[in-house]
Amino acid sequence: MGGWRDMPAEALEEQYSPSRWSPRLGRDAIVQAHLAATAAGTQRARAGAQTSLHVPYGDGEGEKLDIYFPTDPSGTFPVLVYIHGGYWQCLSKDESGFAAPPLVSRGVAVVAVGYDTAPKGHMDTMVLQVRRSLAFLVEQFSGIRGVYLCGHSAGAHLAAMVLSTDWTEYGVVPDIKGAVLVSGVYDLEPILHTYVNDALNMSREVARRNSPMLCVAPAAPAAAACEVLVAVAQHDSPEFRRQSQEYGQALRAAGWSVSLLDLAGVDHFDIIEKLSEESYVLTQVILNMISRT
């Protein structure tokens, strides 16, 4: 079977258009429903938790964090760092707090990371911003007991790039104990040939150096102790599903502790929206990962 390089342009566009694959709603309706669900969930989270909003981790306009503190913050607490999707060009941290309620009630802080999306933000810049946000968190909060990354779609790509970071230049080494990568893109080269790159304007060189698939580091002792969960939706496109499977396999081959989770009955959008529900399987998997490690 031929790979993405053999696909006609129209087929490739379709593969990288997640809104075309949901059986729930039409293309425009599913995107609008996602924006509404994540915004409403974030409003609920802000109303029900102790927060520090718009905390700057750098000088850039987009370089801000929203922090949702645990209901009962004892001396130390684990932190879930959430990196939003939106194909590196839309959404923001202001729709990214929806997963907080079931976590803060169980003693986990949630941090939603803002970054400069395209066209203002360049791919290299976004990757650096997310890395710097982690370094900032670790420096500012001595009470952090383990960092858990969670990214959706483009955010899963950025979280995966964090896993390949050489932290020596940052002066700190975050204790990343787990990563939950949800419906991500790990090889950016196919994106170059789709509408997605109109705003990103990536060259092949930029795409290659920012492709987690091409930056898999051999697992250091600390990395071997970091659990990586690669999750994909039943109704993600075949290309999204392939990318998740191949990236998971590449990490495993490099010695990382990886599990793949193929979630039935969900699409590219509600696979992440449902993190607002404590009973949702992925919420439970995250809580179990945190309590185990």
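The following paragraphs examine the structure supplied in this document. Counting restarts for each chain, with residues numbered from 1 along the sequence as it is written. Local features in this predicted model are restricted to residues of pLDDT 70 or higher, and side-chain atom pairs are both shown and tallied only at a pLDDT of 80 or more, whereas totals for entire chains, interfaces and linings draw on every residue. Only hydrogens and water are set aside when side-chain values are computed; all heavy atoms of the structure are taken into account.

1. Overview of the pairing of strand β3 (residues 77-83)
Applied cut-off: Exposure categories follow from relative accessible area, calculated using a 1.4 Å probe and restricted to protein chains: below 20% of the type maximum is buried, above 50% is exposed, and the middle band is partly exposed. Helix numbering and strand numbering both begin at the N terminus, where a helix is a DSSP run of H or I of at least 4 residues and a strand a DSSP run of E of at least 2. At least two bridges found by DSSP between two strands are what make those strands a pair.
Where burial is concerned, most of β3 is hidden: seven out of the seven residues are buried. Judged from the six bridges that link them, β3 and strand β5 (residues 144-152) form a sheet pairing that is parallel. In the sheet register, Tyr82 faces β5, and the bridge partner there is Cys150. Of the strand pairs in this sheet, β3 and strand β4 (residues 109-113) are connected by five bridges, and their pairing is parallel. Within the sheet, the bridge partner assigned to Tyr82 lies in β4 and is Ala112.

2. As for the environment of Thr42
Under the convention used in this document: Any two residues having at least one pair of non-hydrogen atoms within 4.5 Å are treated as being in contact. Between N or O atoms, a polar contact is any pair within 3.5 Å; within protein, one atom must be a potential hydrogen donor and the other a potential acceptor, and residues adjacent in sequence are included only when both atoms are from side chains.
Assignment of secondary structure puts Thr42 in helix α2 (residues 27-48). Judged by its relative accessible area of 0%, Thr42 is buried. Those residues in contact with Thr42 that sit more than four places away from it in its chain are Tyr68, Asp94, Glu95, Ser96, Gly97 and Phe98. A polar contact is formed between the side chain of Thr42 and the backbone nitrogen of Phe98, at a distance of 3.4 Å.

3. Overview of unusual backbone geometry
In the segment running from Ala118 into Pro119, the intervening peptide bond is cis, with an omega of 5 degrees. Relative to the assigned elements, Pro119 resides in the loop between β4 and α4 (123-140). The phi dihedral of Trp88 falls on the positive side, at around 60 degrees, and the residue is not glycine. Within the fold, Trp88 resides in the loop between β3 and α3 (100-104). Phi at Ser153 is positive, roughly 60 degrees, even though this residue is not glycine.

4. Some thoughts on the nonpolar core
Formally: What is meant by a nonpolar core is a set of buried Ala, Val, Leu, Ile, Met, Phe, Trp, Tyr and Cys residues, joined one to another through side-chain atoms within 4.5 Å.
Core analysis: the largest hydrophobic core is formed by 62 residues, its most contacted members being Trp88, Leu149, Leu181 and Val228. Once residues within four sequence positions are removed from consideration, Trp88 is found in contact with Thr117, Ala118, Met123, Met126, Ala154, His157, Leu158, Val185, Leu188, Ile191, Val196 and Leu200.

5. Topic: the sheet that holds strand β7 (residues 227-235)
The condition is simple: Interaxial angle, 0 to 180 degrees, is taken between N-to-C directions of lines fitted to C-alpha atoms, where a helix line uses only the stretch in contact.
Reading across the sheet, the eight strands line up as β1-β2-β4-β3-β5-β6-β7-β8 and stay open at both edges, with mixed pairing between neighbours. Each edge of the open sheet carries a strand with a single partner, namely β1 (51-56) and β8 (257-267). The sheet shows a mean angle of 20 degrees between the axes of neighbouring strands, direction not considered.

6. Some points on the pattern of salt bridges
The condition that has to hold: For this document, the term salt bridge refers to a Lys or Arg side-chain nitrogen within 4 Å of an Asp or Glu carboxyl oxygen.
For the structure shown, the criterion picks out 21 salt bridges. Notably, a salt bridge pairs Arg24 with Asp270, separated by 3.6 Å at the nearest N-O pair. A residue pair is termed long-range when its members are at least 10 positions apart, and Arg24 in the loop between α1 (9-15) and α2 and Asp270 in helix α10 (residues 270-273) qualify at 246 residues. Residue class for Arg24 comes out partly exposed when judged on its relative accessible area of 40%. By relative accessible area, which is 7% here, Asp270 ends up buried.

7. Examining the packing of aromatic side chains
Here is the rule: Side-chain rings of Phe, Tyr and Trp (the six-membered ring for Trp) are treated as a pair once their centres are within 6.5 Å; stacked means planes under 30 degrees apart, edge-to-face means over 60, and tilted covers the remaining angles.
According to the stated counting rule, one finds seven aromatic pairs in the structure shown. Both rings, one in Tyr186 and one in Tyr247, keep their centres 4.5 Å apart while their planes meet at 10 degrees; by these two values the pair is stacked. Here the residue Tyr186 occupies a position in the loop between β6 (176-182) and α6 (196-200), and Tyr247 occupies one in helix α9 (residues 238-253), the gap between them amounting to 61 residues. On the basis of relative accessible area, Tyr247 is assigned to the buried category, the value being 2%. An aromatic cluster is built from Tyr87, Trp88 and Tyr195, whose rings are joined through pairwise contacts.

8. Some points on the side chain of Thr194
Within the secondary structure, Thr194 is located in the loop between β6 and α6. A relative accessible area of 4% places Thr194 in the buried class. A distance of 2.9 Å separates a polar atom in the side chain of Thr194 from the backbone oxygen of Ile191. What Thr194 contacts, discounting residues up to four positions off in sequence, is Leu12, Glu13 and Tyr16.

9. What to know about the packing of α4 against helix α5 (residues 154-163)
This is how the line gets drawn: Handedness of a crossing follows from how the near helix is turned relative to the far one, being left-handed for an anticlockwise turn of less than a right angle and right-handed for a clockwise one. Gly counts as polar in this scheme, as do all residues outside two lists: the nonpolar Ala, Val, Leu, Ile, Met, Phe, Trp, Tyr, Cys and Pro, and the charged Asp, Glu, Lys and Arg.
One can describe the packing of α4 onto α5 by two numbers: an axis separation of 9 Å at closest approach and a directional angle of 65 degrees. At the point where α4 passes α5, the crossing takes the right-handed sense. In this structure, α4 contributes Met123, Met126, Val127, Val130, Arg131 and Leu134 to the contact, and α5 contributes His157, Leu158, Met161 and Val162. The residue makeup of the contact of α4 with α5, split by class, is eight nonpolar, one polar and one charged.

10. Comments concerning helix α11 (residues 281-292)
Note the following rule: Expected span of a helix, by definition, is 1.5 Å for each gap between consecutive residues, and there is one gap fewer than residues. Each C-beta atom gives one direction from the helix axis, and the arc is the one those directions make.
Taking 1.5 Å of rise per residue, the 12 residues of α11 would be expected to cover 16 Å, and the 16 Å separating its terminal C-alpha atoms lies within 8% of that figure. Listing the buried residues of α11 in full gives Leu282, Thr283, Ile286, Leu287, Met289 and Ile290. Seen from one end, α11 has its buried residues packed into an arc of 160 degrees, which puts them on one side. For α11, the exposed residues lying more than 90 degrees away from the buried face are Ser291 and Arg292.

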